[in-house]
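Summary of structural features
Letter by letter, the chains look like this.
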Amino acid sequence: PDHYYTSEPLPSSWGKKMIRKVLAQKIELGMTDRQVRISIGNPDEVHTTSSRHGIGEQWIYARDQGNKIYYQFEYGKLTYINK
């Protein structure tokens, strides 16, 4: 089906620089989980951890030849990437 927007689908509050990164599928530390999901899609696996420091998530994306990329989030912000 055809999709169209009557307004910019990404929030202008992100700023033009961040919107360009999301549209270019570039990931950097400090991005929100929503920005990462929009940029590179849904992870293949999600692991949630809970500790006295808060709730964290690890998103795993499977890549070519069985390689995986791990993205670690704390409080909804990307804090670590392990390729």
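Thresholds applied
- Residues numbered from 1 in each chain as written.
- Predicted model: local features only at pLDDT ≥ 70, side-chain atom pairs only at ≥ 80, totals over all residues.
- Heavy atoms only, no water.
- pLDDT = per-residue confidence, 0-100.
- Helix = DSSP H or I, 4+ residues; strand = E, 2+ residues; numbered from the N terminus.
- Polar contact = N/O pair within 3.5 Å; in protein donor to acceptor, adjacent residues only side chain to side chain.
- Contact = heavy atoms within 4.5 Å.
- Buried < 20%, exposed > 50% of the residue type's maximum accessible area, 1.4 Å probe, protein only.
- Core = buried A, V, L, I, M, F, W, Y, C linked by side-chain atoms within 4.5 Å.
- Pairing = 2+ DSSP bridges.
- Phe/Tyr/Trp six-rings, centres within 6.5 Å; stacked < 30°, edge-to-face > 60°.

1. What about the confidence of the model for the chain?
Averaged over all residues, the pLDDT of the chain is 89; the fraction at 70 or higher stands at 90%. Of all the helices and strands in the chain, strand β1 (residues 45–51) carries the lowest mean pLDDT, 91, while strand β4 (residues 77–82) carries the highest, 96.

2. Overview of the side chain of glutamine 72
By the secondary structure assignment, glutamine 72 is in strand β3 (residues 68–74). For glutamine 72, the side chain forms a polar contact with the main-chain oxygen of glutamate 57, separated by 3.3 Å. Apart from the residues within four sequence positions on either side, glutamine 72 is in contact with Gly56, Glu57, Gln58, Lys77, Leu78, Thr79 and Tyr80.

3. Overview of the environment of lysine 68
Among the secondary structure elements, lysine 68 is positioned in strand β3. What makes lysine 68 partly exposed here is its relative accessible area of 35%. Residues lysine 68 and asparagine 82, spaced 14 residues apart in sequence, show a C-alpha to C-alpha distance of 8.6 Å. Once you skip the residues sitting within four places of it in the chain, lysine 68 turns out to touch Glu45, Ile60, Tyr61, Ala62, Arg63, Asn82 and Lys83.

4. Regarding the nonpolar core
Here is a general trend for soluble globular proteins: nonpolar side chains tend to be buried in one another's company. Judged by nonpolar contacts, the single largest core of 13 residues is most densely connected at Trp14, Val22, Val36, Trp59, Tyr71 and Phe73. Of all elements in the fold, only α1 (16–23), β2 (54–62) and β3 reach the threshold of two or more residues within this core. If sequence neighbours within four positions are ignored, valine 22 has contacts with Leu10, Trp14, Met31, Gln35, Ile38 and Ser39.

5. Observations regarding the pairing of β2
In summary, the side chains of a regular strand alternate between the two faces of the sheet. Pairing of β1 with β2, which is carried by seven bridges, proceeds in the antiparallel orientation. Within β2, the position partnered with threonine 48 by the bridge is glutamate 57. Counting the residues that bridge the hairpin from β1 to β2 gives two residues. As judged from the seven bridges shared by β2 and β3, these two strands associate in the antiparallel manner. Each bridged residue has a counterpart across the sheet, and for glutamate 57 the counterpart in β3 is phenylalanine 73. Following β2, the chain reverses through five residues before pairing antiparallel with β3; glutamine 65 in that reversal takes a positive phi of roughly 55°.

6. Describing the packing of aromatic side chains
For the structure shown, the criterion picks out two aromatic pairs. Between tryptophan 59 and phenylalanine 73, the aromatic rings sit 4.4 Å apart at their centres with planes inclined by 45°, giving tilted as the arrangement. In this pair, tryptophan 59 is assigned in strand β2 and phenylalanine 73 in strand β3, connecting sequence segments 14 residues apart. For the pair tryptophan 59 and phenylalanine 73, a shared accessibility class is recorded, and that class is buried. Taken together, a centroid distance of 5.4 Å and an interplanar angle of 85° make the contact between tyrosine 61 and tyrosine 71 edge-to-face. Of this pair, tyrosine 61 sits in strand β2 while tyrosine 71 sits in strand β3, and the two are ten residues apart along the sequence. Judged on exposure class, the residue tyrosine 61 and its partner tyrosine 71 are both buried.

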